Amino acid sequence: MPPRQPAKQSGSTGRKRKLGSAGTDVPDADNNGSTTAKKPRTNKGSKAKQREPVNWPEYFDSLFKALNTVLAFCASRKNFAITFPVVRQSVEGLLKQPLDLSKVAELKALLPDTVNFAYIPKAELRIHAESQDTSKRRENSPDYAAFGSQGASNSSVGAAADDDEHVLVLDLQENSRGKKSSNPGFAHGLPPALTPEATKKLINKRNERFIQAVNELLEATSKHDDPVTLLQAAARDHIPIDPSSRSFNKLSQSDSKGNQRIVPDPADRPAVDAVIEEIEEQEWYQDQIVDKRIVEAKDGHIEEIDPPLSETIAQALRDSRKITSLYTHQVAAIRALSQGKHVIVSTSTASGKSVIYQVPVLRFLEEDPASTAMFIYPTKALAQDQRLALEQLLYTCPGLEHIKVYNYDGDTPQELRAGIRESASVIFTNFDMLHASILPHEDLWRRFLKNLKLVAVDELHYYSNIFGSHVAQVMRRFRRVCAAVGNRRTRFVSCSATIAKPKQHMQSIFGIEDVEEVTEDGAPSGRKDYLVWNPPLIDPMDETSGRRGSLTEATRLMRFLMARGIRVILFCKIRKSCELAMKALRSELAADGRQDILDRVMAYRGGYSQHDRRKIEAEAFSGNLLGIVATNALELGVDIGVLDAVIMLGFPMGGLASFRQQAGRAGRRARDALAVFVADQFPIDQHYVKNPSELFDKPMNDLVIDLDSKVMLEAHLQCAAHEMPLMDDDAVYFGPHMKEICDTRLTQDKDGWYHTHPKFLPFPAKHISLRGGEEEKYSVIDITRVGKPGGYPQILEEVEVSRALFELYEGGVFIHQGLTFIVKEISHDSKIAKLLRSDVNWITEPRDFTNTDAAQTYRIREIKDSPWRAYYGRVELKTVVYGYFKNRNKAIIDAVDLDTPPYERESTGMWMDVPRPTLELMKNSGINAAEAIHAAEHAFMNRFALAADLKTECKVAEKEYKATTSQRKRPARLIFYDPTGTNGGVAVKAFDHVSDLLQRALDTVESCPCQEGCAACIDSPTCKEGNLVSSKTGALVVLKAILGRPIDVDLIPEYPEPIAATQDTIIPAVTVRAAEDIEVEKA
């Protein structure tokens, strides 16, 4: 793929977004206490003056040149394993004298980012030996014989690292990818062996880099110091140690002076500002910090509560939590509840919000032991966490020790549920259980519901869009049932992170008006430093080298912080990034000899077994872990103990709300903390690099609850009528549309009561999934030790069907807790994947495509003042994984074909076709149609309030910028669809408001001052392809065309670049088959 660069269009706002030449993620043995010869940084935009080094040992100069020659030769032959013994023999032949290990370490100290000199597991030297002759079709089933003899490490959570033999490698890192391949099977061609001319050029380039580094060191050394002596001292930290040797543990924990490298106790860790200063003094620091801001510490504000707490409750708080006073926001909320009001508390993370509903429960129980309470959480882990906290409080409260508290969720055994209903005073549950288990069986819960004094809903910001809209209807059903059993006294309290309009959001969710809003935060907080970190050029002396990968930057920063006793959580956007980061940490910490740190790092994400997740949470809470690599599974408030720093790898897909929620996970105990946003190369990330103030100052969007969806309302009315027959008066709960839906969709008896339609019986709740359909899952089983003494198959995790397609295929590399496994066998019938543990130095990436096609039209709608139409109907999705790439250091080393069954599903959606004349105009004007359509789709969705629950066909850079012509052509169509497995209803909302959304999208893009597109107009944080295929000019052309507006001449480039035949991937859309008797609806 060509490098990403703006399109050369005179006076236009278009751009061609290509994948940047991202830096190779290479391990660096640099920072955990080691030193390097510090060089002054040069201006990245300038070329330093080249001259021969002066006053420098001739041997050293000759060594680098000999080493450079040998390694460049090896690099030109891809199947060479560049081990130190192999290189040493060749270099000694050129030098005519022995090659000393310490001399290579001096080179490493001088050029730490260029020289790779470290021990790696011997298994990682496995060289891919399959033929790269692409003229023959590859075998569908890979050969597994190579993996059978490899020693495998324990794959369970917390398992020790492998004890396999290690080998010393020596290489010079380069960002060269070779020339483009004409091979039609590749998105980016396989890098061929370097030509003699290219090899010579590479040697000269490296020699110049070495000379410049030497000159800079000489210039930076005072006349009283000997540069050779300084470099030799720095080199001591770069002499690699064999992890297989007996002396490894002793040597690896010592620095160059023999001092022990011990991780400080977190209580004795240095201050964050001191650590930032230390980072800025590191050799590897190259002005990555592009924005720095500080939120100063603030004192807490306490207040006396009136009426005061009973002595027993005060004692319980004191004994279980060491709480002797309450903050002002806690007092305000507890007071409002005691006055019979409903309360929403929206304050910062870790401000003691749980006390706000725990104290009132204790008060209710002291006044009336028959009182009950319900605590609702979005996740089971959070509910488990909070149940333990309340149990501890009750245990220390005299007179309430006997109170029974239970979790009631999908994991609760059936045989225990009746006992919980009969004896529980407090249950911890979720809305899924309330919807599918409690409300349908309200007759079994009447004791509990009649005595219900308090309902607490935590993390209220979690409930928005379609899920939140379902929850709002469940709450209305719940309030109706409580009233029917004679309980209108229940008080509702909700806690949330800082959100826009918290009172309005609670009113929308609960359907109540009398809400007290508490937003003044009385809790103390420590100082917090925020950094925006943009990866530097791999080689500051060479702008063509590309930027260092964000993953490399994030893991290096994480290692640096952990080595100083700072507890870190690294947030990754997707599960694969999480595992790749953990894999990198394993490799880098092992190479640096820091097994003491590696033993205290774990990954945490969805898919892990419940047992593994609980174990990781316990390890974190106990303080044993120094580092956690996580997805947004830990974005919510599960108490995992003290965290000093948060690193966000890429801008979160949840947008600014997720950014602020993740940043809030650090400093939860009022100590100084650090939050670092490490930017990816994607446009959305770079937008915030250029506009960092928006991360902190830009107001968050209002949380959206859709109460007008008749599709959703009908589903819940069917459930409500099954719980208790409906009557007209119930419109007070369900709104003005209730009567119409009941008359047309439910059945009515002779007395006027509405009942569930028979087609939804006997369990209408089962027809609604609040969070979307539950997917089938594949069991991922480690069979490495099967057949060996004491060996047995072990289930690693479960993977949803929609993900299994892209992660589980024969020969693929599957990563779990940073350990690599090879998929040996997969059965799509039994949904079982069998894996072998194997250390490999490549990863795999599926070669796939997904077609999103309009299949049948149900409705047609005019677009205001336009001759064109919008359509709504059935959408078919087909995903095919036809092979995979093997990648090493971001370079493709091979492609393998697969024969897997397609994954087909149906949904509902809406679409708009791009007029044929507009498609021709773009083609003739050098505007890439794929870029234009993709940007217009995002512009449309950015103006739609429920876009989080709507999907579109994102354009893939690998296909759109392919070196050869793609046979897969797509229609010129903007298409949007409901995620499969959901109850739908979102796409039809967009369809009903299409004219308004199109106009607002055009107005936004047209008025946005950016040149190439930004997060405010055409970029989306949820774009799974990174917004790389995009054109602001193209979006304007497409939007104007669909709206029937004239195309401005100024939008058309004066001297258009012709669209390459290989990038002509869009064809005119054809009319979709329509159902009978469809009338065009007015705009």
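Residues numbered from 1 in each chain as written. Predicted model: local features only at pLDDT ≥ 70, side-chain atom pairs only at ≥ 80, totals over all residues. Heavy atoms only, no water.

- Per an unreviewed UniProt entry, the recorded name for the protein is P-loop containing nucleoside triphosphate hydrolase protein, and the organism is Rhodofomes roseus.

1. A closer look at the overall build of the protein
In step 1: A tally of regular secondary structure across the protein gives 34 helices and 36 strands.
In step 2: For the protein, buried positions account for 57% of its 1083 residues.
In step 3: A separation threshold of at least 6 residues defines the contact pool for the protein, and within that pool the share at least 24 residues apart is 77%.
In step 4: When the accessible surface of the protein is split by element, carbon and sulfur atoms take 50% of a total near 44900 Å². (Helix = DSSP H or I, 4+ residues; strand = E, 2+ residues; numbered from the N terminus. Buried < 20%, exposed > 50% of the residue type's maximum accessible area, 1.4 Å probe, protein only. Contact = heavy atoms within 4.5 Å. Areas by Shrake-Rupley, 256 points an atom, 1.4 Å probe, with all protein chains shown as cover.)

2. Description of the sheet that holds strand β12 (residues 515–518)
In step 1: Strand order in this open sheet of seven strands is β8-β9-β7-β10-β11-β6-β12, and the pairing throughout is parallel. Edge positions in the sheet fall to β8 (405–407) and β12, since each of these pairs with one other strand and no more. Looking at each pair of strands side by side, their axes are set apart by 15 degrees on average, direction ignored.
In step 2: Across four bridges, the pairing between strand β7 (residues 372–376) and strand β9 (residues 426–429) is parallel. Bridged to Ala 373 within β9 is Val 426.
In step 3: The sheet strands contacting helix α10 (residues 328–338) are β6 (342–346), β10 (452–457), β11 (491–496) and β12, and the helix crosses β6 at an angle near 165 degrees. (Pairing = 2+ DSSP bridges. Axes fitted to C-alpha atoms, helices over the stretch in contact; angles between N-to-C directions.)

3. Details of the packing of helix α25 (residues 710–723) against helix α27 (residues 738–745)
In step 1: Interaxial distance between α25 and α27 falls to 10 Å at its minimum, and their mutual angle equals 65 degrees. It follows from the interaxial angle that α25 and α27 lie roughly perpendicular. The handedness of the crossing between α25 and α27 comes out as right-handed. Touching Lys 710, Leu 713, Glu 714, Leu 717 and Gln 718 of α25 are Met 738, Glu 740, Ile 741, Cys 742 and Arg 745, all from α27. (Parallel < 35°, antiparallel > 145°, perpendicular 65-115°, else oblique. Left-handed = near helix turned anticlockwise from the far one by under 90°.)

4. Brief notes about the sheet that holds strand β3 (residues 289–295)
In step 1: Strand order in this open sheet of seven strands is β3-β13-β20-β19-β16-β18-β17, and the pairing throughout is mixed. The open sheet is flanked by β3 and β17 (601–604), the only strands paired with a single partner. Taken pair by pair, the neighbouring strands of this sheet meet at an average axis angle of 15 degrees, ignoring direction.
In step 2: Sheet topology places strand β16 (residues 568–572) next to strand β19 (residues 645–649); five bridges connect them, and they run parallel. Residue pairing for β19: Phe 571 is matched across the bridge by Met 648.
In step 3: Sheet strands touched by helix α18 (residues 550–562): β13 (528–533), β16, β17, β18 (627–630), β19 and β20 (673–678). Its angle to β19, the strand with the most contacts, is close to 170 degrees.

5. Digging into the confidence of the model for the protein
In step 1: With 82% of its residues at a pLDDT of at least 70, the protein reaches an overall mean of 81.
In step 2: Within the model, pLDDT remains below 50 along residues 1–51, and this stretch shows 179 contacts once partners closer than five positions in the same chain are excluded.
In step 3: Predicted confidence is poor over residues 175–192, with pLDDT under 50, and the contacts of this stretch with residues over four places away or in other chains come to 51 contacts. (pLDDT = per-residue confidence, 0-100.)

6. Re helix α12 (residues 380–395)
In step 1: The first and last C-alpha atoms of α12 sit 22 Å apart over 16 residues, in line with the 22 Å expected at 1.5 Å per residue.
In step 2: Listing the buried residues of α12 in full gives Ala 381, Leu 382, Ala 383, Asp 385, Gln 386, Arg 387, Ala 389, Leu 390, Leu 393 and Leu 394. (Expected span 1.5 Å × (residues − 1).)

7. Describing α10
In step 1: For α10, the full list of buried residues reads His 329, Gln 330, Val 331, Ala 333, Ile 334, Ala 336 and Leu 337.
In step 2: Immediately downstream of α10, the backbone of Gly 340 shows phi near 85 degrees, a positive value.

8. Section: the pattern of salt bridges
In step 1: Using the criterion set out here, one finds 41 salt bridges in the structure.
In step 2: Arg 859 is the salt-bridge partner of Glu 1081, the closest N and O atoms lying 2.7 Å from each other. In this pair, Glu 1081 is assigned in strand β36 (residues 1080–1081) and Arg 859 in strand β28 (residues 843–862), connecting sequence segments 222 residues apart.
In step 3: Residue classification places Glu 1081 among the partly exposed residues on the basis of a relative accessible area of 22%.
In step 4: The shortest N-O distance in the salt bridge between Glu 1081 and Arg 861 comes to 2.9 Å. One end of the pair, Glu 1081, is in strand β36; the other, Arg 861, is in strand β28, and 220 residues separate them in sequence.
In step 5: Three or more residues joined by partner-sharing salt bridges are found here, namely Arg 575, Glu 800, Arg 803 and Glu 807. (Salt bridge = Lys/Arg side-chain N within 4 Å of Asp/Glu carboxyl O.)

9. Topic: the nonpolar core
In step 1: Among the nonpolar cores identified, the biggest contains 70 residues, and Trp 533, Met 558, Leu 561, Leu 570, Val 629 and Ile 647 are the most heavily contacted of them.
In step 2: The element that contributes the greatest number of residues to this core is α18, accounting for seven residues.
In step 3: Discounting residues that sit within four places of it in the chain, Leu 570 has contacts with Ala 554, Met 558, Ala 581, Ile 628, Val 629, Ala 630, Ile 647 and Leu 649.
In step 4: Counting 57 residues, the second-largest nonpolar core is a separate cluster that includes Leu 919, Ala 939, Ala 990 and Leu 1051. (Core = buried A, V, L, I, M, F, W, Y, C linked by side-chain atoms within 4.5 Å.)

10. A word on the pairing of β16
In step 1: Along β16, five of the five residues are buried, which leaves the element largely enclosed by surrounding structure.
In step 2: Both faces of β16 are covered, namely the face carrying Val 568, Leu 570 and Cys 572 and the face carrying Ile 569 and Phe 571.
In step 3: Judged from the four bridges that link them, β16 and β18 form a sheet pairing that is parallel. Bridge assignment links Val 568 to a residue of β18, and that residue is Gly 627.

11. Let's talk about the packing of helix α9 (residues 311–321) against helix α11 (residues 354–367)
In step 1: Where α9 meets α11, the axes come as close as 10 Å, and the angle between the chain directions of the two elements is 140 degrees. The angle between α9 and α11 places the two elements in the oblique class. Between α9 and α11 the crossing geometry is right-handed. In this structure, α9 uses Thr 312, Ile 313, Leu 317 and Arg 321 to contact α11, whose residues at the interface are Ser 354, Val 355, Gln 358, Val 359, Leu 362, Arg 363 and Glu 366.
In step 2: Tallied by class, residues from the contact of α9 with α11 come to five nonpolar, three polar and three charged. (Nonpolar A, V, L, I, M, F, W, Y, C, P; charged D, E, K, R; others polar.)

12. Overview of the environment of Arg 479
In step 1: The residue Arg 479 is located in helix α16 (residues 465–484) in this model.
In step 2: Residue Arg 479 is classed as buried on the basis of its relative accessible area, which comes to 17%.

13. Quick notes on the environment of Ile 241
In step 1: Following the sequence through the fold, Ile 241 ends up in the loop between α6 (227–235) and α7 (248–252).
In step 2: Judged by relative accessible area, which is 23%, Ile 241 ranks as partly exposed.
In step 3: Expressed as a C-alpha distance, the spacing of Ile 241 and Ala 591, which sit 350 residues apart in the sequence, is 8.2 Å.

14. Structural notes on the pairing of β9
In step 1: Side chains of β9 alternate between two faces, with Val 426 and Phe 428 and Ile 427 and Thr 429 buried alike.
In step 2: Direction of pairing for β8 relative to β9: parallel, over a ladder of three bridges. Within the sheet, the bridge partner assigned to Val 405 lies in β9 and is Val 426.
In step 3: What joins β8 to β9 is helix α13 (residues 414–423), and the crossover it makes is right-handed. (Right-handed = clockwise from strand over helix to strand, strands pointing away.)

15. Focus: unusual backbone geometry
In step 1: The step from Asp 306 to Pro 307 runs through a cis peptide bond, and the omega angle for that step is 0 degrees.
In step 2: Mapped onto the fold, Pro 307 is located in the loop between β4 (302–303) and α9.
In step 3: Omega for the bond connecting Leu 761 with Pro 762 falls within 30 degrees of zero, at 5 degrees, which places this linkage in the cis form.
In step 4: The topology assignment puts Pro 762 in the loop between β22 (754–755) and β23 (777–782).
In step 5: A positive phi angle, close to 55 degrees, is found at Gln 817, a residue other than glycine.
In step 6: With respect to the helices and strands, Gln 817 occurs in the loop between β25 (813–816) and β26 (819–827).
In step 7: What makes Gln 817 buried here is its relative accessible area of 2%.

16. Considerations on the packing of aromatic side chains
In step 1: On inspection of all chains with the given rule, the structure shows 25 aromatic pairs.
In step 2: Ring geometry for Trp 284 against Trp 533: centres 6.4 Å apart, planes inclined by 45 degrees, an arrangement best described as tilted. On the criterion of sequence distance, the pair formed by Trp 284 in the loop between α8 (272–280) and β3 and Trp 533 in strand β13 is long-range, its members being 249 residues apart.
In step 3: Assessed through its relative accessible area of 3%, Trp 284 is described here as buried.
In step 4: Since its relative accessible area comes to 0%, Trp 533 is described here as buried.
In step 5: For the ring pair Trp 445 and Phe 448, a centre distance of 5.6 Å and an interplane angle of 90 degrees mean the geometry is edge-to-face.
In step 6: A relative accessible area of 0% means that Trp 445 is categorised as buried. (Phe/Tyr/Trp six-rings, centres within 6.5 Å; stacked < 30°, edge-to-face > 60°.)

17. A short note on the side chain of Asp 897
In step 1: With respect to the helices and strands, the residue Asp 897 is situated in strand β30 (residues 891–897).
In step 2: Asp 897 sits in the buried class, given a relative accessible area of 9%.
In step 3: Here the side chain of Asp 897 touches Arg 847 through a polar contact of 3.1 Å, side chain to side chain. (Polar contact = N/O pair within 3.5 Å; in protein donor to acceptor, adjacent residues only side chain to side chain.)

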